[in-house]
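Below are the chains, spelled out letter by letter.
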2 protein chains.
Amino acid sequence: MATMKEIAELANVSVATVSYALSGKKNVSQAKRDRVMNAVRLTNYKLNSIAKSLRTSKTGIIGVLAEDIRGLPVPEIVDGISQRLTESGYQLLLSNLQLLSKLYNRYEQLSRYIGSVNRGIQLLEDARVEGIIYVAMHDRRIDDIRQPAGIPLVFAYADSDDPNSVSVTYENQRSVAAVTCCLIEQGHRRVALIAGHPASPVTKERLAGFRAAMDGAGLPMPPEYLRWGDWEYRSGFEQAGALFALTVPPTAIVAMNDAMAAGCYAQAALQGLRIPDDLSVVGFDNQSFAAYLYPPLTTIALPNKQIGLTAAQRLLWKLEGKPDVPANTVLPCELMVRESTRALPGAGQPRSAR
Amino acid sequence: MATMKEIAELANVSVATVSYALSGKKNVSQAKRDRVMNAVRLTNYKLNSIAKSLRTSKTGIIGVLAEDIRGLPVPEIVDGISQRLTESGYQLLLSNLQLLSKLYNRYEQLSRYIGSVNRGIQLLEDARVEGIIYVAMHDRRIDDIRQPAGIPLVFAYADSDDPNSVSVTYENQRSVAAVTCCLIEQGHRRVALIAGHPASPVTKERLAGFRAAMDGAGLPMPPEYLRWGDWEYRSGFEQAGALFALTVPPTAIVAMNDAMAAGCYAQAALQGLRIPDDLSVVGFDNQSFAAYLYPPLTTIALPNKQIGLTAAQRLLWKLEGKPDVPANTVLPCELMVRESTRALPGAGQPRSAR
DNA sequence: GGCATGAATATAATCGTTTCACTTGCTGCG
DNA sequence: CGCAGCAAGTGAAACGATTATATTCATGCC
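All of these numbers come straight from a predicted model, not from anything done at the bench.

An order of β11(A)-β5(A)-β4(A)-β3(A)-β1(A)-β2(A)-β2(B)-β1(B)-β3(B)-β4(B)-β5(B)-β11(B) is seen for the 12 strands of this open sheet, with the pairing classed as mixed. Strand pairing shows two members of the sheet lacking a second neighbour, β11 (328–331) of chain A together with β11 (328–331) of chain B, which therefore form its edges. Between one strand axis and the next, the sheet turns through 20° on average, direction left out of account. Relative to strand β4 (residues 153–156) of chain B, strand β3 (residues 131–135) of chain B runs parallel, the two sharing 4 bridges.

Structural data, given as structure tokens:
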């Protein structure tokens, strides 16, 4: 492959002139510029980005550290990141930790988890990336991860405990409050909650949102209406079963994610309960299948792409040396009202399951 | 950040010795090696991979060109690729074309499509990747994409018309034949097909599989049982409606993907048909929600991760100069038998819809 | 005319490695 | 003893760009 030196010889100018002609950083006469351009065309010359990087110590590469590319929100977030980075001429080096398969039980292997993350950061540093975006799905706060030396790090989706880190997340509490209010406005008084894994901070935030909505409407939250799941379909199925077995079952269920909501659907079908006539159900995540369930599931759509776009923007700001990059940006979610909820005709009347 | 020169001074040896000590390519006395290692530890020295790349003209980076990272099989394929590449010490540069949003109607904008792909390849070449894996979801054969100069290109998921290209795909025809046979063995005689977009070669292959199974069993394929969809949920819903309205409706439906199968579920629920008692349904793709539908959907799981692993392996072979890298590898799919199918009790007896 | 000014161009140092070619000093053998 | 052979170590030339500095030459102004 041709080099600048060859172009210089072909165009009968110095390499410096070739460099200036191509970069436009300094004036070059029209005549010489033309000669250079012709030589470039003739030889199909391509600038060697490696040599350029060595000289300028800028690689134009951003590292994306994904806990697992297969994770639900991750592809959309990466899509947003790649869009924003491409617009600014950066490339994207992906480090995929595969934590979904390796550390399935994430609540008990924190040190191995941290180790994986740090190794990933190490690898990206070795590749001389100019910045790192960490797409973290972990549902606990992280503060032990290694701060890469000299290059900015932005958290996307989940955030860090480190007060001077930059992160872009979404509104958990407000969103659950909103969807719960929606049910209350439709006349529901007996609203149950199927929560996520109890140890998860995400569960706590969403629970707080649910509490806020119920308290705000002066509605009770009997303990038997608060069911603990583990984010999986199966637990939604089981907890819905427990709810339907109550002497006074709920008229509406808020599931903390769509998978558990789908579990409710299955249990309801099994028990002959019709959604939304006999029971309203809402989820969280707006997974692709939410619209495919019958009836289509009312749920909350996360601003995943926007998280990616914004995280990339924050990183670019840091790289530009912009002052006052916001520490934590919390993006709003969108309520997707579909057909799994219905206004209660005789609000307040007891209804018996099965 | 420290350089080899500084290490050399600190350890009182030449830079050449430092390089040899670190790479292990030449014998270095234990004494000097120790001094080098100490200096490395002391200064927290990291080899500059850019300088190394410049000197050796090897970057250790593989480009992954994804038509859209959000596409159904893509994250799993990328997961497989990243696993195999990481094992071999390669990094992964991701170029995401976002074609899902940009070229929605893929059947009419071929030239813009090719342009995007070629620009993506260009970008990866500029970054000096050592090889490219093209994760193509396009459902037509591609032969106009630019062959990158000097670096190997492997197709994953879809293949190319170019006879001397390397690709890794999956078994379309055999898989649909298998799932259809499964229905036939259960006594179904009136089996309908909801096909994908008629222009797609994938549709043609899957149709051929269906035909093979039906022909093999000597069963008729009346034209009203062959319905054309477009891969979307909505079309499954509509075509299922058309099938149920027939005077002699089918007892089983093969949908060419899970989204359209979900559409069948919705139509069946609307019409009061129970799955699998009144109707058996099978899909294709094993999307996450297939197990969440009620009843869980029998479908075909693509070997996505395996496609990624294998494609990466093929590329590594090419890089190693291994002779006889197989041109096209076709991986088997897995039949996921769940609860959406049931043996017909009185096989052959007419059954009326609704 | 003399001289400062500025544009266009060239020269050469530099980025941090790898690796070829060479020196040095030691061992073993005829 | 002399010399081949080998291991350990060094020096310096690449790799292919960027860019500070120097050079040349035309121009404008007093």
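Text resumes after the structure shown.
Before going further, it helps to spend a moment on the sheet that holds strand β7 (residues 226–228) of chain A. Residue and element names in this part refer to chain A. Strand order in this open sheet of 4 strands is β7-β6-β8-β9, and the pairing throughout is parallel. Every interior strand has two partners, whereas the edge strands, β7 and β9 (280–282), have only one. For this sheet, the mean inter-axis angle between neighbouring strands, taken without regard to orientation, is 15°. Sheet topology places strand β8 (residues 252–255) next to β9; 3 bridges connect them, and they run parallel. Considered in β9, the bridge of Ile253 is made with Val281. Packed onto the sheet, helix α9 (residues 201–216) meets β6 (191–195), β7 and β8 and runs at close to 175° relative to β6. Strand contacts of helix α11 (residues 258–270): β6, β8 and β9, with the helix running at about 160° to β9, the strand carrying the most contacts.

A word on the protein's contact with DNA strand C. In the neighbourhood of DNA strand C, 26 residues make up the surrounding shell, with Asn27 and Ser29 of chain A together with Ser19, Tyr45 and Arg55 of chain B lying closest. Sugar plus phosphate, as a fraction of atoms of DNA strand C within 4 Å of the protein: 64%. A distance of 2.7 Å is found between a phosphate oxygen of DNA strand C and a backbone nitrogen or oxygen belonging to Ser29 of chain A. A distance of 3.1 Å separates a phosphate oxygen of DNA strand C from a polar side-chain atom of Lys25 of chain B. Those elements that provide at least two residues to the surface near DNA strand C are α2 (15–23) and α4 (49–56) of chain A together with α2 (15–23) and α4 (49–56) of chain B. The greatest single-element share of the surface near DNA strand C, amounting to 4 residues, is contributed by α4 of chain B. Split into classes, the residues belonging to the surface near DNA strand C amount to 10 nonpolar, 8 polar and 8 charged.

So, on to the relation of the copies chain A and chain B. Expressed as a screw transformation, the operator carrying chain A onto chain B has a rotation angle of 180° and an axial translation of 0.0 Å, and the superposed copies differ by an RMSD of 0.1 Å. Here the symmetry operator amounts to a two-fold rotation axis. Judged by C-alpha distance, Leu93 of chain A is the residue of chain A that lies nearest the rotation axis, at 2.2 Å. Interface overlap between copies is the fraction of interface residues in one copy that are interface residues in the other; for chain A against chain B it reaches 100%, indicating a shared surface.

Here we take up the interface of chain A and chain B. Taken together, the contact pairs 45 residues of chain A with 45 residues of chain B. Here chain A and chain B share 2 salt bridges between them. Taking the shortest distance from any N to any O, the salt bridge between Asp79 of chain A and Arg70 of chain B comes out at 3.5 Å. The tally of links from chain A across to chain B stands at 17 residue pairs in polar contact (both at pLDDT 80 or more). Here the residues of the side of chain A that touches chain B are counted per class, giving 25 nonpolar, 12 polar and 8 charged.

All names here are of chain B. An ideal rise of 1.5 Å per residue puts 20 Å on 14 residues; helix α8 (residues 172–185) measures up with 20 Å between its terminal C-alpha atoms. Among the residues of α8, Asn172, Ser175, Val176, Ala177, Val179, Thr180, Cys182, Leu183 and Ile184 are the ones counted as buried. Within two residues after α8, Gly187 carries a phi angle of roughly 100°, on the positive side.

Another aspect to go through is the protein's contact with DNA strand D. Lining the immediate environment of DNA strand D, one finds 27 residues, of which Met4, Ser19 and Arg55 of chain A together with Thr17 and Asn27 of chain B sit closest. Backbone atoms, meaning sugar and phosphate, make up 63% of the atoms of DNA strand D lying within 4 Å of the protein. Tyr45 of chain A is positioned such that a nitrogen or oxygen atom in its side chain is 2.7 Å from a phosphate oxygen of DNA strand D. Thr17 of chain B has a polar side-chain atom sitting 2.5 Å from a phosphate oxygen of DNA strand D. Elements with a contribution of two residues or more to the surface near DNA strand D: α2 and α4 of chain A together with α2 and α4 of chain B. With 4 residues, the single largest contributor to the surface near DNA strand D is α4 of chain A.

Once that is clear, we can look at the packing of helix α1 (residues 4–11) of chain A against helix α3 (residues 30–43) of chain A. Residues and elements named next belong to chain A. Relative orientation of the contacting elements α1 and α3 amounts to 120°, with a least axis distance of 9 Å. Classed by the angle they form, the pair α1 and α3 counts as oblique. Of the two elements, α1 crosses α3, and the hand of that crossing is right-handed. Residues Ile7, Leu10 and Ala11 of α1 form the contact with α3, whose own contacting residues are Arg35, Val36, Ala39, Val40, Leu42 and Thr43. Classifying every residue of the contact of α1 with α3 by side-chain character gives 7 nonpolar, 1 polar and 1 charged.

Okay, the pattern of salt bridges next. Between side chains of opposite charge, a pair can form as their charged atoms come close. Within this structure, the stated rule accounts for 18 salt bridges over all chains. The salt bridge partner of Asp79 of chain A is Lys305 of chain A, with a shortest N-O separation of 3.3 Å. Taken as a pair, Asp79 of chain A in helix α5 (residues 74–87) and Lys305 of chain A in helix α12 (residues 304–320) lie far apart in primary sequence, 226 residues in all. The shortest N-O distance in the salt bridge between Glu238 of chain B and Arg234 of chain B comes to 3.4 Å. Of this pair, Glu238 of chain B and Arg234 of chain B both sit in helix α10 (residues 233–244), 4 residues apart, roughly one helical turn. For Glu238 of chain B, a relative accessible area of 42% corresponds to the partly exposed category. Residue classification places Arg234 of chain B among the partly exposed residues on the basis of a relative accessible area of 48%. One connected set of salt bridges, linked through shared partners, spans Asp68 and Arg70 of chain A together with Asp79 and Lys305 of chain B.

Thresholds applied
Residues numbered from 1 in each chain as written. Chains lettered and ligands numbered in written order. Predicted model: local features only at pLDDT ≥ 70, side-chain atom pairs only at ≥ 80, totals over all residues. Heavy atoms only, no water. Pairing = 2+ DSSP bridges. Helix = DSSP H or I, 4+ residues; strand = E, 2+ residues; numbered from the N terminus. Axes fitted to C-alpha atoms, helices over the stretch in contact; angles between N-to-C directions. Contact = heavy atoms within 4.5 Å. Near = heavy atom within 4 Å. Polar contact = N/O pair within 3.5 Å; in protein donor to acceptor, adjacent residues only side chain to side chain. Nonpolar A, V, L, I, M, F, W, Y, C, P; charged D, E, K, R; others polar. Least-squares fit on C-alpha atoms with pLDDT ≥ 70 in both. Salt bridge = Lys/Arg side-chain N within 4 Å of Asp/Glu carboxyl O. Expected span 1.5 Å × (residues − 1). Buried < 20%, exposed > 50% of the residue type's maximum accessible area, 1.4 Å probe, protein only. Parallel < 35°, antiparallel > 145°, perpendicular 65-115°, else oblique. Left-handed = near helix turned anticlockwise from the far one by under 90°.

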